[in-house]
Amino acid sequence: MEGKLVLVTGGAGFIGTHTVVQLLKEGFRVSIIDNFDNSVEEALDRVKEVVGWGLFFLQVDLRNKDDLEKVFAKSKFDGVIHFAGRKAVGESVEYPRRYFDNNLIGTINLYEVMAKYNCKKMVFSSSSTVYGQPEKIPCVEDTELKAMNPYGRTKLFLEEIARDISQAESDWQIILLRYFNPVAAHESGKIGEDPKGIPNNLMPYIQQVAVGRLPELNVYGHDYPTRDGTAIRDYIHVMDLADGHIAALKKLFTPDFKGCVPYNLGTGRGTSVLEMVAAFEKASGKKIPMKLCPRRAGDATAVYAAVDKAAKELGWKYVLLTS
Ligand code: WQD
């Protein structure tokens, strides 16, 4: 793998920055593009502090095909890890057009430019939201896919597009990584989740309540048919998720890998909102004031991963967040 050049789209984001740190540690060369829609350039300065050397990055919006083309004209990429896109369920219900524009148009442009420059290896950031509210949990990769919010639908459409492309053009090698709920941060504390504005996701919201930036946590739904009435998710450490991308990338460079294959990246365990708050309070010693609110539109009751396939085929191991 030594020296292979990887383009990381959305590389200034939460999962992007953590994956860039691991890619560089593994000896890959990295170019980053990001439109800073939900991230800041300063996050890349913090990555430089962690890795100790400079990074090549450009502010590029994937919806600007000319700008994207200039990136590929300048460098011969061995593969792409595609993170760029909006990713909040609640926000997508409110602003679906923003999600279809950002996530679909950008990715379709990326496929076109990659094909033109004969770069046909992609690790795609998919999501557990493609499972909607699965009949059976834990979710196995061949579970029927039925997204239940615009964000999940963009990921489902993009998975279908990936499958169609690899069906029609057998030289594409694509791995779809279905993230469950990424949380936590690099041990240095220099990089982490720093969304713009009011956080949509549970953990950054709790963190901002803990530091006094927000007054209290709204708990969306306490009448779910779960052990404590709040929704259950599979929270996975972002460094484990980053390592999952390295394992997937290495798989793409093996001669036997063909086509378009999905893998869950989760821990296989479900944790409720109230259990997450209790764990955070225990670990931080901070009390998190809460307000019980109605359910959030688009939310599933309980979703967590079956993780055998990634372990078996990618040799990827996860570490449970809580013992
Ligand atoms: C988790 C739970 C909320 C905020 C995320 C990512 C998505 C995908 C899947 C990667 C839900 C509740 C939240 C708050 C709350 N991952 N909640 N108060 O919706 O599961 O989706 O994981 O692709 O990208 O967004 O995550 O953190 O928004 O919600 O009660 O202020 O916490 O209702 O039950 P979600 P989330």
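Scroll up for the structure.
Because the structure is a prediction, the values reported are computed rather than measured.

Cut-offs and rules
Residues numbered from 1 in each chain as written. Predicted model: local features only at pLDDT ≥ 70, side-chain atom pairs only at ≥ 80, totals over all residues. Heavy atoms only, no water. Helix = DSSP H or I, 4+ residues; strand = E, 2+ residues; numbered from the N terminus. Rg over C-alpha atoms; globule rule 2.2 N^0.38 Å. Buried < 20%, exposed > 50% of the residue type's maximum accessible area, 1.4 Å probe, protein only. Contact = heavy atoms within 4.5 Å. Areas by Shrake-Rupley, 256 points an atom, 1.4 Å probe, with all protein chains shown as cover. Lys, Arg positive; Asp, Glu negative; His and termini not counted. Charge placed at Lys NZ, Arg CZ, Asp CG, Glu CD. Pairing = 2+ DSSP bridges. Near = heavy atom within 4 Å. Polar contact = N/O pair within 3.5 Å; in protein donor to acceptor, adjacent residues only side chain to side chain. Nonpolar A, V, L, I, M, F, W, Y, C, P; charged D, E, K, R; others polar. Salt bridge = Lys/Arg side-chain N within 4 Å of Asp/Glu carboxyl O. Axes fitted to C-alpha atoms, helices over the stretch in contact; angles between N-to-C directions. Parallel < 35°, antiparallel > 145°, perpendicular 65-115°, else oblique. Left-handed = near helix turned anticlockwise from the far one by under 90°. Core = buried A, V, L, I, M, F, W, Y, C linked by side-chain atoms within 4.5 Å.

Draft legend 1. Expanded view of the overall build of the protein. Counting secondary structure elements, the protein contains 10 helices and 13 strands. The C-alpha radius of gyration of the protein comes to 19 Å, within 12% of the 20 Å expected for a compact globule of 323 residues. Judged by the C-alpha coordinates and their principal axes, the protein covers about 50 × 40 × 40 Å. Buried positions account for 55% of the 323 residues belonging to the protein. Long-range contacts, defined as pairs at least 24 residues apart, comprise 78% of the intrachain contacts of the protein with a sequence gap of at least 6. Entry remark: accessible area of the protein is about 14,100 Å², with carbon and sulfur atoms responsible for 52%. The averaged location of the 41 negative side-chain charges in the protein is 1 Å from the averaged location of its 41 positive side-chain charges.

Draft legend 2. The arrangement of the pairing of strand S11 (residues 259–265) in detail. Counting buried residues in S11 gives 7 out of 7 residues, a clear majority hidden from the surface. Neither face of S11 is exposed, since Gly-259, Val-261, Tyr-263 and Leu-265 on one face and Cys-260, Pro-262 and Asn-264 on the opposite face are all buried. The sheet contact formed by strand S6 (residues 173–179) and S11 spans 7 bridges and is parallel. Bridged to Tyr-179 within S11 is Leu-265.

Draft legend 3. Up close: the site of the ligand. Near the ligand, the surroundings consist of 24 residues, among which Tyr-151, Leu-202, Asn-218, Arg-233 and Asp-299 are the closest. Residue Tyr-151 places a side-chain N or O atom 2.8 Å away from an oxygen atom belonging to the ligand. In the environment of the ligand, an oxygen atom lies 2.7 Å from a nitrogen or oxygen atom belonging to the side chain of Arg-233. Contact with the protein chains hides 97% of the accessible area of the ligand, taken as 680 Å² for the molecule alone. Within the shell around the ligand, the residues separate by chemical class into 13 nonpolar, 7 polar and 4 charged.

Draft legend 4. Summary view of the pairing of strand S1 (residues 5–9). Summarising burial for S1: 5 of the 5 residues are buried, a large majority. Side chains Leu-5, Leu-7 and Thr-9 of S1 all project onto a buried face; the interleaved residues Val-6 and Val-8 project onto the opposite face, where all are buried too. In terms of strand pairing, S1 meets strand S2 (residues 29–34) through 5 bridges, oriented parallel. Among the inter-strand pairings, Thr-9 is bridged to a residue of S2, identified as Ile-33. Both S1 and strand S4 (residues 79–82) contribute to a ladder of 4 bridges, which runs parallel. Counted as the bridge partner of Leu-7 is Val-80 from S4.

Draft legend 5. The arrangement of the pattern of salt bridges in detail. Counting across every chain of the model gives 22 salt bridges. As a salt-bridge pair, Asp-299 and Arg-233 come within 4.0 Å of each other at their nearest N and O atoms. Separated by 66 residues along the polypeptide, Asp-299 in the loop between strand S13 (290–293) and helix H10 (308–314) and Arg-233 in strand S9 (residues 232–233) bring together distant segments of the chain. Both residues of the pair, Asp-299 and Arg-233, count as buried. A salt bridge links Lys-287 to Glu-281, with the shortest nitrogen-to-oxygen separation between them at 3.0 Å. For Lys-287, a relative accessible area of 64% corresponds to the exposed category. Note on Glu-281: relative accessible area 18%, which makes it buried. The network of salt bridges with shared partners includes Asp-37, Arg-86, Glu-91 and Arg-98.

Draft legend 6. Molecular detail of the sheet that holds strand S5 (residues 121–127). Read across the open sheet, the 7 strands follow the order S3-S2-S1-S4-S5-S6-S11; overall the sheet is parallel. Only two strands of the sheet have a single partner each, and these edge strands are strand S3 (56–59) and S11. Averaged over all pairs of adjacent strands, the angle between strand axes in this sheet comes to 20 degrees, irrespective of strand direction.

Draft legend 7. How the structure looks around the packing of helix H5 (residues 96–116) against helix H6 (residues 150–168). Running from N to C, H5 and H6 cross one another at 20 degrees; their axes reach a closest spacing of 9 Å. Classed by the angle they form, the pair H5 and H6 counts as roughly parallel. Crossing geometry of H5 relative to H6 is assigned as right-handed. Facing Pro-96, Tyr-99, Phe-100, Asn-103, Leu-104, Thr-107, Ile-108 and Tyr-111 of H5, the residues of H6 in contact are Pro-150, Tyr-151, Thr-154, Phe-157, Leu-158, Ile-161, Ala-162 and Ile-165.

Draft legend 8. Just the environment of Lys-25, in detail. With respect to the secondary-structure elements, Lys-25 resides in helix H1 (residues 14–25). Judged by its relative accessible area of 64%, Lys-25 is exposed. Linking Lys-25 and Val-51, residues 26 residues apart in sequence, is a C-alpha distance of 7.7 Å.

Draft legend 9. Just the nonpolar core, in detail. Within the largest apolar cluster, 41 residues are counted, with the highest numbers of intra-cluster contacts made by Leu-177, Leu-249 and Leu-314. Where this core is concerned, the elements lending two or more residues are S1, H1, S2, helix H2 (42–51), S6, helix H8 (238–252), S11 and H10. Looking at this core element by element, the count peaks at 7 residues for H8. In this structure Leu-249 touches Val-6, Leu-23, Phe-28, Ile-81 and Val-123, once residues within four positions along its chain are discounted. The next biggest cluster of nonpolar side chains, apart from the first, holds 25 residues, and it includes Leu-62, Phe-124, Leu-158 and Ile-165.

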